[in-house]
Amino acid sequence: MNPILRSTLHGSLGFAAVSVAAYSIWAFAPRIAGSEIGMYALIALVYLGGAGLALCGLLHGENKLGRFYRMFLPAFFGYALLWSLAWFLIKGRPGEWVGAAAGTLFFAFVAWNSLGLARGFWIAALMLFVLHTAGYFIGGKWMYGILASGIEGWAKPQVAIVAKLGWGLFHGLGFGAGIGFALGWWQRSSK
């Protein structure tokens, strides 16, 4: 299998699992943190903690887990902060687009820079944005479609859980594919 395709699939499937776990906070216990901002913080913590376990294999070389966390923690923290600021300050669809663009660009720059590379930034950064944003908006369409149509024989709270977890799945598939592609692209000559 092509190494970049393998990296993209690894990222997609691994981050989808982490994303479903993160979105489960929203689906099952959104009030556990006391506020919407608190809920987003808990979701970010699940991403920050779980991603290294699921995705460290995307890195080449030694000490993959430690190196992954040194790269991912600041990259994802900045992504989450920029996305959340755009969501809370701009609001609605424009906030989602600004957050996706600013957040994924920041994520890509930190990840690329941590690998110590001198070239190849823009193609992978663009793919990260495209794949992340496609997953996010497909997930949103999934959620609102399921909420509008329901699931025969299911109560509304059960449907809401499936809808939210589905958004997490699609968002994770897309964002993870973007991360996997970017890391595969940037490391393609380092094996």
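Residues numbered from 1 in each chain as written. Predicted model: local features only at pLDDT ≥ 70, side-chain atom pairs only at ≥ 80, totals over all residues. Heavy atoms only, no water.

> Which residues make up the nonpolar core, and what values go with them?
Core analysis: the biggest nonpolar cluster contains 47 residues, and Phe-15, Phe-68, Phe-72, Phe-76, Phe-107, Ile-179 and Trp-186 have the highest contact counts within it. In terms of residues, this core owes the most to one element, helix H6 (residues 156–186), which gives ten residues. When sequence neighbours within four positions are dropped, the list of residues in contact with Phe-76 reads Phe-15, Ala-44, Tyr-47, Leu-48, Phe-107 and Phe-175. (Core = buried A, V, L, I, M, F, W, Y, C linked by side-chain atoms within 4.5 Å. Buried < 20%, exposed > 50% of the residue type's maximum accessible area, 1.4 Å probe, protein only. Helix = DSSP H or I, 4+ residues; strand = E, 2+ residues; numbered from the N terminus. Contact = heavy atoms within 4.5 Å.)

> Give a description of the packing of helix H1 (residues 3–28) against helix H2 (residues 36–55) that names residues and reports values.
Where H1 contacts H2, the axes come no closer than 9 Å and their chain directions differ by 150 degrees. As the angle between them shows, H1 and H2 are arranged roughly antiparallel. Once H1 is placed against H2, the crossing between them reads as right-handed. When H1 is examined against H2, the residues His-10, Gly-11, Gly-14, Phe-15, Val-18, Ser-19, Ala-21, Ala-22, Tyr-23, Ile-25 and Trp-26 are found in contact with a partner set consisting of Met-39, Leu-42, Ile-43, Val-46, Tyr-47, Gly-50, Ala-51, Ala-54 and Leu-55. (Axes fitted to C-alpha atoms, helices over the stretch in contact; angles between N-to-C directions. Parallel < 35°, antiparallel > 145°, perpendicular 65-115°, else oblique. Left-handed = near helix turned anticlockwise from the far one by under 90°.)

> Which residues make up the packing of helix H3 (residues 64–89) against H6, and what are the values?
Two numbers describe how H3 lies on H6: the axes approach to 14 Å, and their chain directions differ by 130 degrees. Of the possible angle classes, the one that applies to H3 and H6 is oblique. For the pair H3 and H6, the sense of crossing is right-handed. Taking contact as the criterion, the partners of Phe-68, Met-71, Phe-72, Phe-76 and Tyr-79 in H3 are, on H6, His-171, Phe-175, Ile-179 and Leu-183. Tallied by class, residues from the contact of H3 with H6 come to eight nonpolar, one polar and no charged. (Nonpolar A, V, L, I, M, F, W, Y, C, P; charged D, E, K, R; others polar.)

> An account of H2 is needed here, citing residue identities and associated values.
Spanning 20 residues, H2 covers 28 Å between terminal C-alpha atoms, matching the ideal 28 Å at 1.5 Å per step. Along its length, H2 reaches its greatest deviation from straightness, about 30 degrees, at Gly-49. Those residues of H2 that sit buried are Gly-38, Met-39, Ile-43, Ala-44, Tyr-47, Leu-48, Gly-50, Ala-51, Gly-52 and Leu-55. Considering only its buried residues, H2 is in contact with H1, H3 and H6. (Expected span 1.5 Å × (residues − 1). Bend = angle between axes of the 7 residues up to and from the residue.)

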